[in-house]
Amino acid sequence: MIWKTFRKMFLILVLVFLYLPILILAVYSFTESTNIGAIRGFSLHNYVTLFTTAELIDMITGTITLALAAAAIATVLGTIGAIGAFYSRKNASRFITTLNQIPVINADVVTGFSICVLLVVALNISKDSYIPLLAGHVTLCAPFVFLSVMPRIQQMDPSIYEAALDLGATPFKALTQILIPQIVPGIISGFALAVTLSLDDYFIAMYTKPATFDTISTYVVNATKGAQTTIKTALWALSTVIFLLVVLIVLVTNIRSLRKANMEGGRRAQ
Amino acid sequence: MESKDTIIELKGISKVFEDDGFKAVDNFNLEVKRGEFVTFLGPSGCGKTTTLRMIAGFDVPTEGDILLNGKSIIGLPPYERPINTVFQRYALFPHMNVYDNIAFGLRQKKTPKDMIDRKVGRVLELVDLEGFERRAIRTLSGGQQQRIAIARALVNEPEILLLDEPLGALDLKMRKEMQLELKDMHNKLGITFIYVTHDQEEALTMSDKIVVMSEGRTQQIGTPEDIYNEPANAFVADFIGESNIFNGMMTGHLKARFCGGEFVCVDDFEEGTHITAVVRPEDVEITAPGHGTINGIVDSVIFKGIHYEITVLSGKNEIVIQTVHNARVGDRVGLRVDPENIHIMLAEDHTNLFYADVNHDFRLEYNGHHLDTSLTRIIKGSKRREDGTVVDGNGDILEPDRVRILVSLMPDDIEMTDDQDAGLIQGTISNLIYKGDHYSYIIHTELEQDFVVNDEDLWNMGDRVSLLMPVDKMKFTLKKK
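Engineer: Can you walk me through the overall build of chain A in this structure?
Structural biologist: Check the secondary structure of chain A and you find eleven helices and zero strands. Reading chain A from its N end, one meets helices and strands in the order α-α-α-α-α-α-α-α-α-α-α. Computed over the C-alpha atoms, the radius of gyration of chain A is 23 Å, more than 25% above the 18 Å expected from 2.2 N^0.38 for a compact globule of 270 residues. Its C-alpha atoms give chain A principal-axis dimensions of about 75 × 65 × 35 Å. Burial status across chain A gives 29% buried among its 270 residues. For chain A, restricting intrachain contacts to residue pairs at least 6 apart in sequence, the fraction spanning at least 24 positions comes to 71%.

Okay, structure coming up:
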């Protein structure tokens, strides 16, 4: 009995540890407080600031645009890489897979710094062209897309591609009409992963972004150092919005996969 | 000039895989006539699927040429060959429904929509699945998926249909049904079928011509009757149907000694020739003791429904007999075989074949001697467990009483010695032939077996020798009793 209560307590403790910080931030984002500590009445002014300050809106749309663009390019590269590695000879395939793992494990700060050195210092490409930033984020995301597409290809019946060729499809048609539709779930999850990685990134953006441009991460780091309290508290609202969005996405995907599993279970039972 | 009837010809095809240097197919030659049903038959790893893949265009031969209607198709990619394949695991496109799967090939050829509709309908009728157009693939049973896979290939009206063990994933009853249906389709359509299987019964039932393959080489090409009745070598005899196979030698005109007796036969070879004799279990007759060619003791009797399977031990030789008459274990019986039912083959490479037993420690034993090799190396996928038992690839425990190991050993690898205790088995030299640079000896052993040994030195007839047989030169095959 005591053991049972203890187990429950422990679980609650872990959950509190995980969610309390963000909950505090969420609560304070709906108040007039400028400091965490004293609550001074309910207010939506943080949200008003968030959605009316041009600087903040530009920063958010800029970050999202960057994330979508980098994720799109990374998805194409990662998917092609995975397909290529799968159909390569054994040794080549193993070599590519190993090479792909290194950027995944490597520290972002090293990736960011080395891209900066290569593109900006060595090749003399201006940071203002956004090319170093975009290239940096694609480098960050593509290996993860590779990793999320690969298992899908491995699960596929390997003779499906050959069957398409056998029925008269050219290799390109077999790829686009047969192979890619099979691995769409892997591609989508790879894309989603790439978007979140790009949104999260701080180090690569810091080394490669144009001086006048900020992503959410770099902006937040700078703002918390500064003295502008209205902006600082508006970021609490931004954090809350991001958190709620994430909760929503997780809930929707989980419910959908649960439904799908139920449907397939039902079909099998027939 | 090739005859007009030949649709496809494989000339000296070899395939070596670059990854590991494995030679999957070695100098394969075959002519297939238009409308024929040809089966590639052999155990797994014999190169039959690789050969099929080279015809389809998925693999490129390392050597040799493939002619379709007299023209080389070596340079053509699979999508330009008028050949379609039914894959082992169907390889249907799971994201398309039945109609789209079947229409896929026609759409690649830009066939008009109404024509596609008509053709898909007709081919679905052929495989008995009318009205299945809108069904999703995963709602179909294995048998239905197989039919769709056949329909998807046939709708393109290929010149040749390749089938890669298409019935392997089906249960026995479904497999029998599909065999007949496929044969029926073949008769109706007149398309050339090339079929790959490891199931000898399937091959015998369906084919016009069977190509028996082993280790990348063609062992025999012939009609099912030819292959069953006149196997070209011990491998074919052993693989097709059940057989008793003995090593022996010709002892006179139409007389052969094997299995510890002298039998009259109809195949004429010179006296002293080393031979392999094949006798089908249904051709051995049980007589009263002393009335047959050899005598033996009934070792086991198994009721098989339409017949009994009786094993008789004669000396150390084991003879399997299928008969409708019962016998009792322990009975003394005589055995005889009609001369025309003894199939004598020249033992071309003189490979020595003998059986070793698995003892209760799961070690190999021959003539009371332990053979220093591991069972787990002989049986694919097997493992030795901590308690000493050996499990096979399926995780089933091996029963030592129910298996034996066929050992093959080349004459050059055996050495003779005077030291009687040094070798695995002892015997007397019963024949010797000078072969130019060496002598070929036949040693008749205490276990009533004949071994062929090549030696450069001269020994005398009647010499008693012991045979040194190196285990690392032996090849092993698992046999079920």
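Engineer: Honestly, the interface of chain B and chain A in this entry has me stumped. Any pointers?
Structural biologist: How big an interface is tends to be stated in terms of the accessible area lost upon association of its parts. Chain B puts 17 residues into the contact, and the matching count from chain A is 16 residues. If you list the elements that add at least two residues to the side of chain B that touches chain A, you get strand S6 (83-86) and helix H2 (98-108) of chain B. Counting residues per element, the side of chain B that touches chain A draws most heavily on H2 of chain B, at three residues. Partitioning the side of chain B that touches chain A into residue classes produces eight nonpolar, six polar and three charged.

Engineer: Can you help me understand the pairing of strand S17 (residues 308-314) of chain B in this one?
Structural biologist: A regular strand carries its side chains on alternate faces of the sheet. All names here are of chain B. Inspection of the sheet shows strand S16 (residues 294-303) paired to S17 by six bridges, in the antiparallel sense. When the bridges of S17 are listed, Ile-302 appears paired with Glu-309. Alignment of S17 against strand S18 (residues 317-323), held across seven bridges, turns out to be antiparallel. Paired with Glu-309 across the strands is Gln-322, a residue of S18. As consecutive antiparallel partners, S17 and S18 are separated by two residues, and within that stretch Gly-315 has a phi angle of approximately 65°, a positive value.

Engineer: When you look at unusual backbone geometry in this model, what are you seeing that I'm missing?
Structural biologist: Across the chain, the bulk of peptide bonds are trans and the bulk of non-glycine residues have phi less than zero. Phi at Asn-124 of chain A is positive, roughly 60°, even though this residue is not glycine. Relative to the assigned elements, Asn-124 of chain A resides in the loop between helix H5 (108-122) and helix H6 (131-155). Backbone geometry at Asp-128 of chain B places phi at a positive 65°, although glycine is not the residue there. Looking at where Asp-128 of chain B falls in the secondary structure, it is placed in the loop between helix H3 (113-126) and helix H4 (142-154).

Engineer: I'm lost on the environment of Val-329 of chain B in this one. Help?
Structural biologist: All names here are of chain B. If you trace the backbone, Val-329 turns up in the loop between S18 and strand S19 (332-337). For the pair formed by Val-329 and Met-474, sequence separation is 145 residues and the distance between their alpha carbons is 33 Å. Residues within four places of Val-329 in sequence aside, it is in contact with Val-298, Asp-299, Ser-300 and Val-301.

Engineer: How do you make sense of the packing of helix H4 (residues 90-105) of chain A against H6 of chain A when you look at a structure like this?
Structural biologist: The description of two packed helices rests on the angle between their axes and on the distance between the axes. Residues and elements named next belong to chain A. Closest axis-to-axis distance for the H4/H6 pair is 9 Å, and the angle between their directions is 125°. Accordingly, the angle class assigned to the pair H4 and H6 is oblique. Our pair here, H4 against H6, has a crossing hand that is left-handed. Contact with H4, carried on its side by Asn-100, Pro-103 and Val-104, involves Thr-139, Pro-143, Phe-144, Phe-146 and Leu-147 of H6 and no other residues of that element. Here the contact of H4 with H6 is built from residues that sort into six nonpolar, two polar and no charged.

Engineer: In this structure, what is going on with the domain arrangement of chain B? I would like to understand it.
Structural biologist: All names here are of chain B. Parsing chain B into structural domains produces domain 1 (6-229), domain 2 (247-346) and domain 3 (352-480). Taken together, the contacts link nine residues of domain 2 with ten residues of domain 3. Ranked by the residues each element gives to the side of domain 2 that touches domain 3, the list is headed by strand S11 (residues 244-252), at three residues.

Reading the values: the criteria
- Residues numbered from 1 in each chain as written.
- Chains lettered and ligands numbered in written order.
- Predicted model: local features only at pLDDT ≥ 70, side-chain atom pairs only at ≥ 80, totals over all residues.
- Helix = DSSP H or I, 4+ residues; strand = E, 2+ residues; numbered from the N terminus.
- Rg over C-alpha atoms; globule rule 2.2 N^0.38 Å.
- Buried ≥ 20, exposed ≤ 12 C-beta atoms within 10 Å, placed from the backbone.
- Contact = placed C-beta atoms within 7 Å.
- Nonpolar A, V, L, I, M, F, W, Y, C, P; charged D, E, K, R; others polar.
- Pairing = 2+ DSSP bridges.
- Axes fitted to C-alpha atoms, helices over the stretch in contact; angles between N-to-C directions.
- Parallel < 35°, antiparallel > 145°, perpendicular 65-115°, else oblique.
- Left-handed = near helix turned anticlockwise from the far one by under 90°.
- Domains from an automatic or database assignment.

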